[in-house]
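Chain residues, written in single-letter form:
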Amino acid sequence: MNPAVQFDRVTVSRGGRAALADVSLQFPAGSLTAVLGPNGAGKSTLLRTLNGELRATAGTVRVLGEDPAALDWRAAARLRRRIGVMPQQVDHLPAVPLAVREVVEIGRVAFGRPGAPLDAADRARCAAWLERFGLGDLAERSLAALSGGEQRKAHLARIFAQQPELILLDEPAGHLDLPAQDALTQLIAEVWRETRATVVIVTHELRHLPADTTDVVLLARGRVRAAGPIAATLTSAGLSEAFEEPLEVVPHRGRYAAFATGKGGGHGRA
């Protein structure tokens, strides 16, 4: 089976510097991959390159079998419909007040006729995802009235209603309280098992990795430090190199945490 994503010696320059430098990696189709690294490592740049927002200045990118740089606007639009994206900051409210149901239905708009309302099948699909994410009773409530965790669930329901083949999540559990982080992380794992879409999660927090994470990429200073199956890749040595700090990785019931072991150690990192 071909990989869902393939980078071959990719460099992405932003503001006169290489945000990604000579990156080669693959994301297996159907995998749940975590991209880990400190702030400024290039994680969000990698996602934006996958989504077609940024172009590689060198190397080759293939996403779902396509070279985004070689596509005309119609083909690029078709590829974008196959990709679901949750950007890093989704808690800001839309300029036009929307009900939770309307947010989720945005995931189906691109599949209908321009300007036409959703058909019954699309409305039913959206309603099913609202229920799956525990938002059925909140469907007609304003998005602004929801908690941060509920808003994230609404955006995830929108993404899965789109039925994408590739899902890109940038810090999906960031800035939530600990119970909400764990609940959302577990829910992502459950829905991934049900759909087997290729999911890429960007984070710098090990506790945000779902227990079912299959693969890990460790990024630092725009370069891949390690990549591969989680058990072989998420090691104390690899994480210490990526974060440029002595760290000990501690697995626990399929989840991971890391602790600083150098001077002033003992403070949890994730």
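What counts and how
- Residues numbered from 1 in each chain as written.
- Predicted model: local features only at pLDDT ≥ 70, side-chain atom pairs only at ≥ 80, totals over all residues.
- Heavy atoms only, no water.
- Salt bridge = Lys/Arg side-chain N within 4 Å of Asp/Glu carboxyl O.
- Helix = DSSP H or I, 4+ residues; strand = E, 2+ residues; numbered from the N terminus.
- Buried < 20%, exposed > 50% of the residue type's maximum accessible area, 1.4 Å probe, protein only.
- Phe/Tyr/Trp six-rings, centres within 6.5 Å; stacked < 30°, edge-to-face > 60°.
- Lys NZ or Arg CZ within 6 Å of the ring centre and 35° of its normal.
- Expected span 1.5 Å × (residues − 1).
- Contact = heavy atoms within 4.5 Å.
- Polar contact = N/O pair within 3.5 Å; in protein donor to acceptor, adjacent residues only side chain to side chain.
- Core = buried A, V, L, I, M, F, W, Y, C linked by side-chain atoms within 4.5 Å.
- Pairing = 2+ DSSP bridges.
- Axes fitted to C-alpha atoms, helices over the stretch in contact; angles between N-to-C directions.

(A) Structural detail: the pattern of salt bridges. Counted according to the given criterion, the structure contains 13 salt bridges. Measuring nitrogen to oxygen at the nearest pair gives 2.9 Å for the salt bridge that ties Arg125 to Asp122. With Arg125 and Asp122 both in helix 4 (residues 120-132) and three residues apart, this pair spans about one turn of that helix. The exposure class assigned to Arg125 is partly exposed, which follows from its relative accessible area of 25%. Each member of the salt-bridge network shares a partner with another, and the members are Arg101, Glu105 and Glu140.

(B) Seen up close, the packing of aromatic side chains. Under the criterion given, the structure shown has three aromatic pairs. Note on Trp129 and Phe133: the rings are 6.0 Å apart at their centroids and 40° apart in plane angle, and the pair reads as tilted. By the burial criterion, Trp129 is buried, and Phe133 matches it. These aromatic residues form a ring-pair network of at least three members: Trp129, Phe133 and Phe160. The ring of Phe111 carries Arg108 above its face, with NZ or CZ at 4.3 Å from the centroid. Here the guanidinium or amino end of Arg196 rests over the ring plane of Trp192, the centre of that ring lying 4.1 Å away.

(C) Quick look at helix 6 (residues 178-195). Compared with an ideal rise of 1.5 Å per residue, which puts 18 residues at 26 Å, helix 6 spans 26 Å between its outermost C-alpha atoms and is within 8% of the ideal. Those residues of helix 6 that sit buried are Gln181, Leu184, Thr185, Leu187, Ile188, Ala189, Val191 and Trp192. Where the residues of helix 6 are buried, they touch strand 3 (32-36), helix 4, helix 5 (148-161), strand 6 (166-170), strand 7 (198-203) and strand 11 (255-260). Two or three places before Ala180, at the opening of helix 6, Asp177 has a side-chain oxygen 2.9 Å from that residue's backbone nitrogen.

(D) Spatial organisation of the nonpolar core. Among the nonpolar cores identified, the biggest contains 32 residues, and Phe133, Leu135, Leu156 and Leu169 are the most heavily contacted of them. At the level of secondary structure, the elements contributing two or more residues to this core comprise helix 3 (100-109), helix 4, helix 5, strand 6, helix 6 and strand 7. If you tally residues by element for this core, the top one is helix 5, at six residues. Setting aside residues no more than four positions away along its own chain, Leu156 makes contact with Met86, Phe133, Leu169, Leu184 and Ile188. Among the nonpolar cores identified, the runner-up in size contains 29 residues, and Leu54, Leu166, Leu168 and Leu219 belong to it.

(E) Summary view of the environment of Arg223. Within the fold, Arg223 resides in strand 9 (residues 223-229). Its relative accessible area of 41% is what places Arg223 among the partly exposed residues. Considering only alpha carbons, one finds Arg223 and Thr261, 38 residues apart in sequence, at a separation of 24 Å.

(F) View of the side chain of Glu105. In this structure, Glu105 sits in helix 3. A relative accessible area of 14% means that Glu105 is categorised as buried. Those residues in contact with Glu105 that lie beyond four places of it in its chain are Leu118, Arg123 and Cys126.

(G) Representation of the sheet that holds strand 2 (residues 17-27). Strand order in this open sheet of three strands is 2-1-4, and the pairing throughout is antiparallel. On the outer flanks of this sheet lie strand 2 and strand 4 (58-63), each paired with one strand and no other. Along the sheet, successive strands turn relative to each other by an average axial angle of 30°, direction set aside. The strands touched by helix 1 (residues 43-50) within the sheet are strand 1 (5-14), strand 2 and strand 4, with strand 1 carrying the most contacts at an inclination of about 115°.

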